[in-house]
Amino acid sequence: CTFDAAFLAVPTEALVMTMETNQKFVPVFDAHGKLTEHFIGVANIESKDPAEIRKGYERVIRPRFADAKFFWDEDLKTPLATQQDALKNVTYQQSLGSVWDKSVRVAELARVIANRVGVDAGLATRAAALSKCDLLTRMVGEFPELQGVMGRYYATANGENADVAQALDEFYAPRFAGAGIAQGKVAQVLAVAERLDTLAGIFAVGLKPSGNKDPFALRRAALGLARTLIEGGLALDLNALLMEALQLLPESALAAGLPKGKDGKSPALDAGARRDALATELYDFVLDRLRGYYADQGISGEAFEAVRALSPADLTDFDRRLRAVVEF
């Protein structure tokens with residue numbers, strides 16, 4: 001089948017998502033991996049007139065693509081950065097404030113991390129400030145799976161720095177098990193900062209995973225954090241980073257997760273002690289995710305525990321020690 005080539009002006013990912021997810025059609029790419037104006041539809045009948053089926057498929061896809069093009073064109077009329085104020089009206093978590101509040105915390109962490117690893121702090125904080133803006137665009141509202149992808153397209157269209165635009169997409173990496181980490185250094189910094197804030201905040205309010213329940217995907221966030229530090233070669237003190245993330249949280253969040261006594265009341269908040277306890281718990285939580293990561297590489301649990309006993313704060317150091325033990 002064929003569609004109007006004018007629709008190819010819409011980002012490829014949006015068109016492919018429409019074809020594959022909504023219509024179960026198969027997109028067709030050229031030899032260079034570029035999307036063409038052709039697609040394949042499969043019918044479960046022997047038709048006397050296949051041309052009519054083709055027309056039907058083309059008629060079905062046209063309004064879907066027209067919607068995607070409308071979303072794309074409308075979103076381009078408003079610079080991505082103008083969505084920042086609207087994020088103040090989107091609640092992230094009751095005790096942790098709005099999505100804008102989260103972006104501010106992530107931007108501060110990104111600034112600190114960037115300075116430590118020699119990355120442009122201005123680019124890192126800009127990427128953090130824009131990282132959630134595409135959530136309010138029409139395209140992502142229709143296709144939530146395109147979070148980050150559309151942020152990259154809109155940032156590029158708005159003339160943002162290429163590293164910033166790349167980071168808006170890549171900081172979500174790894175998006176699924178076995179996928180690679182972010183490749184750009186600004187993206188790696190943002191990926192670490194984002195996961196630090198998520199882990200610190202959700203643990204603080206008492207919503208850490210239990211059993212098979214992990215509504216905030218914290219196990220995946222912890223493994224993504226550890227992998228980005230190790231595979232990205234970011235020599236950073238994880239304990240210090242966790243403490244800095246906890247220090248950026250409002251005290252109301254620290255108090256929200258305190259266990260209640262028999263009288264139904266929570267004890268008075270000792271913010272310092274609460275942060276210390278959470279930092280220790282979070283460090284252990286992150287390291288627990290690494291057990292399976294190394295097991296998948298054929299590294300024994302005994303070697304892993306031998307290095308873990310020393311609790312190295314820098315996970316790149318942890319990785320080197322572990323591989324030295326295995327080699328020995």
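Just above, that's the structure.
The structure reproduced in this document is the subject of the present report. (Residues numbered from 1 in each chain as written. Predicted model: local features only at pLDDT ≥ 70, side-chain atom pairs only at ≥ 80, totals over all residues. Heavy atoms only, no water.)

Another aspect to go through is the packing of aromatic side chains. Given two aromatic rings, one states the distance between the centres and the angle between the planes to describe the pair. Scanning the model with the defined rule gives 14 aromatic pairs in all. Judged by centre distance (5.4 Å) and plane angle (25°), the rings of Trp72 and Tyr154 are stacked. Taken together, the residues span a long stretch of sequence, with Trp72 in helix H2 (residues 50-76) and Tyr154 in helix H6 (residues 149-157) at a distance of 82 residues. Across the pair, exposure class does not vary: Trp72 and Tyr154 are buried alike. Over the aromatic face of Phe285 sits the side chain of Arg289, whose NZ or CZ is 4.5 Å from the ring centroid. (Phe/Tyr/Trp six-rings, centres within 6.5 Å; stacked < 30°, edge-to-face > 60°. Helix = DSSP H or I, 4+ residues; strand = E, 2+ residues; numbered from the N terminus. Buried < 20%, exposed > 50% of the residue type's maximum accessible area, 1.4 Å probe, protein only. Lys NZ or Arg CZ within 6 Å of the ring centre and 35° of its normal.)

A few words on the pattern of salt bridges. Pairing between side chains becomes possible if they bear opposite charge and their charged atoms approach one another. This structure, assessed with the given rule, holds 23 salt bridges. In this structure, Arg116 and Glu244 form a salt bridge, with 2.4 Å as the shortest nitrogen-oxygen distance. With Arg116 in helix H3 (residues 99-117) and Glu244 in helix H10 (residues 238-247), the pair connects residues that are 128 residues apart, well separated along the chain. What makes Arg116 partly exposed here is its relative accessible area of 42%. A salt bridge links Arg152 to Asp169; the nearest nitrogen and oxygen atoms lie 2.8 Å apart. (Salt bridge = Lys/Arg side-chain N within 4 Å of Asp/Glu carboxyl O.)

Pairing of strand E1 (residues 26-29) with strand E2 (residues 35-40) involves three bridges; the strand directions are antiparallel. Residue pairing for E2: Val26 is matched across the bridge by Ile40. Hairpin geometry of E1 and E2 is characterised by an intervening segment of five residues between the two adjacent antiparallel strands and by a positive phi of about 80° at Gly33. (Pairing = 2+ DSSP bridges.)

This brings us to the nonpolar core. Residues Met139, Leu196, Leu199, Leu238, Leu290, Tyr294 and Leu315 are the most contacted members of the largest nonpolar core, which totals 100 residues. For this core, the element with the most residues is helix H8 (residues 185-204), which contributes 13 residues. Apart from residues lying up to four places away in sequence, Tyr294 is in contact with Ile230, Ile299, Phe304, Phe318, Asp319, Leu322 and Arg323. (Core = buried A, V, L, I, M, F, W, Y, C linked by side-chain atoms within 4.5 Å. Contact = heavy atoms within 4.5 Å.)

By rolling a water-sized probe across the atoms, one finds the places where empty space is left. By volume, the largest pocket is sized at about 600 Å³. Taken together, 19 residues form the lining of the largest pocket, with Lys132, Gln147, Tyr172, Glu194 and Arg220 sitting closest to its centre. Elements with a contribution of two residues or more to the lining of the largest pocket: H3, H8 and helix H9 (218-231). Among the elements that line the lining of the largest pocket, the one with the most residues is H8, at three residues. Its residues assigned to classes, the lining of the largest pocket comprises 10 nonpolar, two polar and seven charged. When its volume is computed, the second largest pocket comes out at roughly 220 Å³. Taken together, Pro174, Phe176, Ala177, Gly178, Arg220, Leu223, Gly224, Arg227, Gly292, Tyr293 and Asp296 form the lining of the second largest pocket. Elements that contribute at least two residues to the lining of the second largest pocket include exactly H9 and helix H12 (271-295). Considering each element in turn, the lining of the second largest pocket owes the most residues, four residues, to H9. In terms of residue class, the lining of the second largest pocket is built from five nonpolar, three polar and three charged. (1 Å grid on protein atoms, 1.4 Å probe; cavity = no way out; pocket = protein on both sides within 12 Å on 5 of 7 lines; lining within 4 Å. Points joined across faces, edges and corners; volume = space filled by probe spheres on them. Nonpolar A, V, L, I, M, F, W, Y, C, P; charged D, E, K, R; others polar.)

With that settled, the discussion passes to H8. Counted at 1.5 Å a residue, the expected span for H8 with its 20 residues is 28 Å, and the 28 Å between its end C-alpha atoms agrees. Where burial is concerned, most of H8 is hidden: 19 out of the 20 residues are buried. Residue Gly206 follows H8 closely and has a positive phi angle near 80°. (Expected span 1.5 Å × (residues − 1).)

With that out of the way, let us pick up unusual backbone geometry. The residue after Ala173, namely Pro174, is reached through a cis peptide bond having omega -5°. One can find Pro174 in the loop between helix H7 (162-170) and H8. The phi dihedral of Lys24 falls on the positive side, at around 60°, and the residue is not glycine. Among the structural elements, Lys24 can be located in the loop between helix H1 (12-22) and E1. Positive phi, close to 50°, is recorded for Ser311, a residue that is not glycine. On the secondary structure map, Ser311 appears in the loop between helix H13 (301-308) and helix H14 (315-327).

No statement about biological role is implied by the geometric values presented.
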